[in-house]
Amino acid sequence: MKKRIYSLIFVLLMGAGAFAGDVEMETIGSSIASNLYLTYISLGVLGDSYTKQVYEKEQTVNLVSIIVSQSKVQKEQMAKLMKSAEVQESDKAFLQNVITCYQHLIDEGTYMIEFINTNSQDSLKKYDTNRQKAWALISKLLGFENN
């Protein structure tokens, strides 16, 4: 089943890329930025829910692990796209920022899990550092910094 889903996504993306114009590329870019934003928000909500004892330790770790796993897949796909001949020079900076942002989100989630499991203040600090870096890039990608 997983192979079918990935194959369908690949075909849809490749088909869109073959006919992609400015509107299509803007749509794909805004979808990517939206995914980054929602991932960031989801991690924040889970962290807040854990500290307020809405979610138990195991449930929080499981949900954050899923988000980290999905972010890794997205980052890997963006890295493949970056290496392909499909990316125009003008889009490379955006794509590199997306890849970097996904890494900050991955690290944010990883350090959240580490903090939950160990109560390490160092993990909490690394979580917060990556959270702030992710937000800075998301704000840049979504144009929030200009408002």
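Residues numbered from 1 in each chain as written. Predicted model: local features only at pLDDT ≥ 70, side-chain atom pairs only at ≥ 80, totals over all residues. Heavy atoms only, no water.

A. Representation of unusual backbone geometry. Although it is not a glycine, Q53 adopts a positive phi angle of roughly 60 degrees. On the secondary structure map, Q53 appears in the loop between α2 (22-51) and α3 (57-83). (Helix = DSSP H or I, 4+ residues; strand = E, 2+ residues; numbered from the N terminus.)

B. View of the environment of R131. Within the secondary structure layout, R131 lies in helix α5 (residues 121-142). Note: C-alpha distance between R131 and E108 (23 residues apart in sequence) is 5.7 Å. Beyond its immediate sequence surroundings of up to four residues, R131 is in contact with Y40, G44 and E108. A distance of 3.0 Å separates a polar atom in the side chain of R131 from a polar atom in the side chain of E108. (Contact = heavy atoms within 4.5 Å. Polar contact = N/O pair within 3.5 Å; in protein donor to acceptor, adjacent residues only side chain to side chain.)

C. Layout of the packing of aromatic side chains. Evaluated as defined, the whole model comprises four aromatic pairs. A centroid spacing of 6.2 Å and a plane angle of 80 degrees characterise the contact between Y37 and F144, whose relative ring orientation is edge-to-face. Residue Y37 is located in helix α2, and its partner F144 is located in the segment after α5; the two are separated by 107 residues in the primary sequence. The class for F144 is partly exposed, based on a relative accessible area of 35%. Every member of this aromatic cluster is reached through a ring pair, and the members are Y37, Y40, W135 and F144. One cation-aromatic arrangement involves R131 over Y40; the distance from NZ or CZ to the ring centre is 4.3 Å. (Phe/Tyr/Trp six-rings, centres within 6.5 Å; stacked < 30°, edge-to-face > 60°. Buried < 20%, exposed > 50% of the residue type's maximum accessible area, 1.4 Å probe, protein only. Lys NZ or Arg CZ within 6 Å of the ring centre and 35° of its normal.)

D. The arrangement of the pattern of salt bridges in detail. A complete count under the given rule lists three salt bridges for this structure. The salt bridge involving E89 is made with K92; its shortest N-O contact spans 3.5 Å. Here the residue E89 and the residue K92 both occupy positions in helix α4 (residues 89-118), the gap between them amounting to three residues, near one helical turn. By relative accessible area, which is 63% here, E89 ends up exposed. Salt-bridge contacts for R131 lead to E108; the nearest nitrogen and oxygen are separated by 3.0 Å. Of this pair, R131 sits in helix α5 while E108 sits in helix α4; the two residues are 23 residues apart in sequence, bridging distant segments of the chain. Both residues of the pair, R131 and E108, belong to the buried class. (Salt bridge = Lys/Arg side-chain N within 4 Å of Asp/Glu carboxyl O.)

E. Spotlight on the confidence of the model for the protein chain. Per-residue confidence for the protein chain averages 86 on the pLDDT scale, and 84% of its residues sit at or above 70. Note that pLDDT drops below 50 for residues 1-19; the model gives that stretch two contacts with residues more than four away or on any other chain. (pLDDT = per-residue confidence, 0-100.)

F. Focus on the nonpolar core. If you look at the biggest cluster of nonpolar residues, it comprises 27 residues, and the most contacted ones within it are L36, V64, M78, V98, C101 and L105. Contributing elements (two or more residues each) for this core: α2, α3, α4 and α5. With ten residues, the top contributor of residues to this core is α4. In this structure L36 touches V98, C101, Y102, L105, I138 and L141, once residues within four positions along its chain are discounted. (Core = buried A, V, L, I, M, F, W, Y, C linked by side-chain atoms within 4.5 Å.)

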